[in-house]
Amino acid sequence: MLATHAFAAQNATSPLGPFNFERRDPGNKDVVIDILYCGVCHSDLHQIRDEWGGSIFPMVPGHEIVGRVTRVGSGVKGFKTGDIAGVGCFVDSCRVCPSCKAGLEQYCEQGMTGTYNSYERDGKTPTYGGYSTQIVVDEAYVLHIPAGLPLEGVAPLLCAGITTYSPLKEWKVGKGHKLGVLGLGGLGHMAVKLGASFGAEVTMLSSSPSKEADAKRLGAHQFALTSDEKGLAKFKNYFDFIIDTVSAPHSLPFYLQLLNRDGTIILVGAPPAPHQLPGFDILLKRRRVAGSLIGGIKETQEMLDYCGKNKIVSDVEVIPIQDINKAYERMLKGDVKYRFVIDIASLKK
Ligand code: NAP
Ligand code: ZN
């Protein structure tokens, strides 16, 4: 077994603190990764506070993982010692259902195995995430990291990047489209970068006036303050797509009215409480409400290669693990620029 240091939450109200556990010895198909950086996703916060229900404790969060391969099983073909590798939101799935066969493992009909807050396929071994010194993952669920990108900026691509890339691709958002991005945090800033890179006209819809200059620097063509009703009036019936990344409860009807005929709001944010959905706001303009969950392994690799080619990474604030609880407090206030990333070296001291 591989002795592993980590930070964990012991229950839904405790702060994260040091936790030691053992990873399995690598099997035939397994890759052992010495973790260098792990991004901090708002989903980590929802889950350690048990906001979605069913949380498994102790919990070692983290699903935006980048590191160096230190060992591979004898049957591993795609990775070798020394490679830089990534792990995202899941580490296994049933592999045989139609979704898995289509490369959409995130929609596995048996349920994917989450990188943390989940159980291995045996249904009883808990999974522990990337706020830890190393991880052991079947190579079929490990990503190749393109060369030439700063690794701390790559880590958030494994969740925030793919979660926004996948729906933009699915709905073919690009040139000629007006895209609204709701919420400028980890997901939102990747939606701005990717949407602009695909050629869409991007408007940042934010509750924070202080983020306007950054939104434009990240690639947004316009900025609108969601609290400014007058300013928003000009965006009524305007957008072809809105990608909604907001983590807290908010009014969907309000934003539905900003969609044009046949416009689509894509929900990626996962607030704990259900949305209100008045039929009239949808049917009067044949609008659509859609959702999207991360992305499959094949598409995640495609996204990483795209980001490698186009030099797209996340804007990050690197923190030692000891600052994680403070970072969560800032995240709750929307004070994220635009992803916290843990330098895992701070766990190894
Ligand atoms: P984040 O970095 O905290 O960003 C969320 C942003 O939402 C904030 O920066 C803020 O932007 C806005 N916001 C927060 N509270 C708000 C409120 N009360 N009213 C209006 N706006 C508010 O979070 P994240 O990591 O990007 O994650 C966003 C959400 O997506 C979370 O719920 C997370 O669980 C979910 N998620 C879903 C998937 C998926 O596969 N679908 C994957 C990853 C994460 P402004 O300051 O600009 O308003
Ligand atoms: Zn995430």
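Position labels on residues start from 1 in each chain and follow its written sequence. For naming, the first written chain is A and the first written ligand is 1, with later ones following in the order written. Per-residue local features of the predicted model are confined to residues with pLDDT of at least 70, and side-chain atom pairs are confined, for both listing and counting, to 80 or more; whole-chain, interface and lining totals are unaffected and use all residues. To get the side-chain values, take all heavy atoms of the structure and skip hydrogens and water.

Each domain of the protein was delimited in the assignment, giving domain 1 (2-159 + 295-347) and domain 2 (161-291). Placing the centre of domain 1 and that of domain 2 at their C-alpha centroids yields a distance of 27 Å. Taken together, the contacts link 23 residues of domain 1 with 23 residues of domain 2. The buried area of a pairing is the accessible area, by a 1.4 Å probe, that goes missing from both parts when the two are put together, added over both. For the pair domain 1 and domain 2, the two sides together bury roughly 2,000 Å², of which 55% comes from carbon and sulfur. The term salt bridge refers to a pairing of a side-chain nitrogen on Lys or Arg with a carboxyl oxygen on Asp or Glu at a separation within 4 Å. Counting across the interface, domain 1 meets domain 2 through 2 salt bridges. Where K193 meets D315, a salt bridge forms, and the shortest distance between an N and an O atom there is 2.5 Å. Segmentation into domains, and thus their bounds, comes from an automatic or database assignment. Two residues qualify as a contact provided that any one of their heavy atoms is within 4.5 Å of a heavy atom in the partner residue.

Moving on to the coordination of the zinc ion (ligand 2). Donor atoms (N, O, S) are those found within 2.8 Å of the metal centre, with the cutoff raised to 3.2 Å for Na, K and Ca; water is not part of the atom list, so apparent gaps in a site can occur. Around the zinc ion (ligand 2), the protein contributes the donor atoms C41 (SG), H63 (NE2) and C159 (SG), which lie 2.0 to 2.3 Å from the metal centre. Written as a sequence motif, the donor arrangement for the zinc ion (ligand 2) is C-x21-H-x95-C. Within this pair, whereas H63 is found in the loop between helix 1 (42-48) and strand 4 (65-72), its partner C159 is found in the loop between helix 3 (151-154) and helix 4 (160-170), the two being separated by 96 residues in sequence. We call a residue buried when its accessible area falls under 20% of the maximum for its residue type, exposed when it is over 50%, and partly exposed in between, using a 1.4 Å probe and counting protein chains only. We classify H63 as buried; its relative accessible area is 7%. Since its relative accessible area comes to 5%, C159 is described here as buried. Helix and strand labels come from DSSP, where a helix needs a run of H or I of at least four residues and a strand needs a run of E of at least two; each type is numbered from the N terminus.

Okay, the sheet that holds strand 10 (residues 178-182) next. What the 6 strands build is an open sheet, ordered 12-11-10-13-14-15; its pairing is parallel. Two strands lie at the open edges of the sheet, namely strand 12 (222-225) and strand 15 (288-291), each paired on one side alone. Recorded for the sheet is a direction-independent mean angle of 20 degrees between the axes of neighbouring strands. If DSSP finds at least two bridges between two strands, the strands pair. As judged from the 4 bridges shared by strand 14 (residues 259-267) and strand 15, these two strands associate in the parallel manner. Bridging from a neighbouring strand, I265 pairs with V289 of strand 15. Axis angles are defined between N-to-C directions and span 0 to 180 degrees, where every axis is a line fitted to C-alpha atoms and, for a helix, only to the segment in contact. With respect to the sheet, helix 5 (residues 186-197) is in contact with strand 10, strand 11 (201-206) and strand 13 (239-244), its orientation differing from that of strand 10 by roughly 165 degrees.

Below, the discussion takes up the site of ligand 1. We define proximity as follows: a residue is near a molecule or strand when any one of its heavy atoms falls within 4 Å of that partner. Of all residues adjacent to ligand 1, which total 29 residues, the nearest are S206, S207, S208, K211 and R339. Under this definition, polar contacts are N or O atom pairs within 3.5 Å; protein pairs additionally need one hydrogen-donor-capable and one acceptor-capable atom, and for neighbouring residues in sequence, both atoms have to be side-chain atoms. Separating an oxygen atom of ligand 1 from a side-chain N or O atom of S208 is a distance of 2.5 Å. Between an oxygen atom of ligand 1 and a main-chain N or O atom of A270, the distance comes to 2.9 Å. Throughout, the Shrake-Rupley method with a 1.4 Å probe supplies accessible areas, and for residues the shown protein chains are the sole cover considered. Notes on ligand 1: free accessible area 920 Å², of which the protein chains cover 89%. Among the cavities detected, the one that contains ligand 1 is the largest pocket. Mapped by element, the contributors of at least two residues to the shell around ligand 1 are helix 1 and helix 5. Broken down by element, the residue count for the shell around ligand 1 peaks at 3 residues, all from helix 1. Polar here means any residue other than Ala, Val, Leu, Ile, Met, Phe, Trp, Tyr, Cys and Pro, which are nonpolar, and Asp, Glu, Lys and Arg, which are charged; Gly is therefore polar. When its residues are assigned to classes, the shell around ligand 1 shows 12 nonpolar, 15 polar and 2 charged. Each of domain 1 (2-159 + 295-347) and domain 2 (161-291) gives at least three residues to the shell around ligand 1. Using a 1 Å grid laid over the protein atoms alone, points where a 1.4 Å probe fits but cannot get out form a cavity; open sets with protein on both sides within 12 Å along at least 5 of 7 lines form a pocket; any residue with an atom within 4 Å of a point counts as lining. Should more than half of a molecule's atoms lie within 2 Å of a pocket's or cavity's grid points, that molecule is taken to sit in it.

Here we take up unusual backbone geometry. At the junction of F57 and P58, the peptide bond is cis and its omega measures out at -5 degrees in the coordinates. Inspection of the secondary structure puts P58 in the loop between helix 1 and strand 4. Cis rather than trans, the peptide bond between K337 and Y338 has omega equal to -20 degrees. Structurally, Y338 can be placed in the loop between helix 11 (324-332) and strand 17 (339-343). Unlike most non-glycine residues, R286 shows phi in positive territory, near 50 degrees. When you line up the elements, R286 lands in the loop between helix 9 (279-283) and strand 15. For R286, a relative accessible area of 53% translates into the label exposed. The phi angle at I294 is positive, at roughly 25 degrees, despite the residue not being glycine.

Attention now moves to the packing of aromatic side chains. Centre distance within 6.5 Å is the pairing criterion for rings of Phe, Tyr and Trp, where only the six-membered ring of Trp is used; planes under 30 degrees apart are then read as stacked, over 60 as edge-to-face, and the remainder as tilted. Here the structure, examined in full by the defined rule, presents 11 aromatic pairs. Between F19 and Y128, the ring centres sit 5.6 Å apart and the planes meet at 70 degrees, which makes this aromatic pair edge-to-face. You can see F19 sitting in strand 2 (residues 17-23) and its partner Y128 sitting in the loop between strand 7 (113-114) and strand 8 (134-138), a full 109 residues away along the chain. We classify Y128 as buried; its relative accessible area is 16%. Through successive ring pairs, a cluster of aromatic residues spans F19, F21 and Y128.

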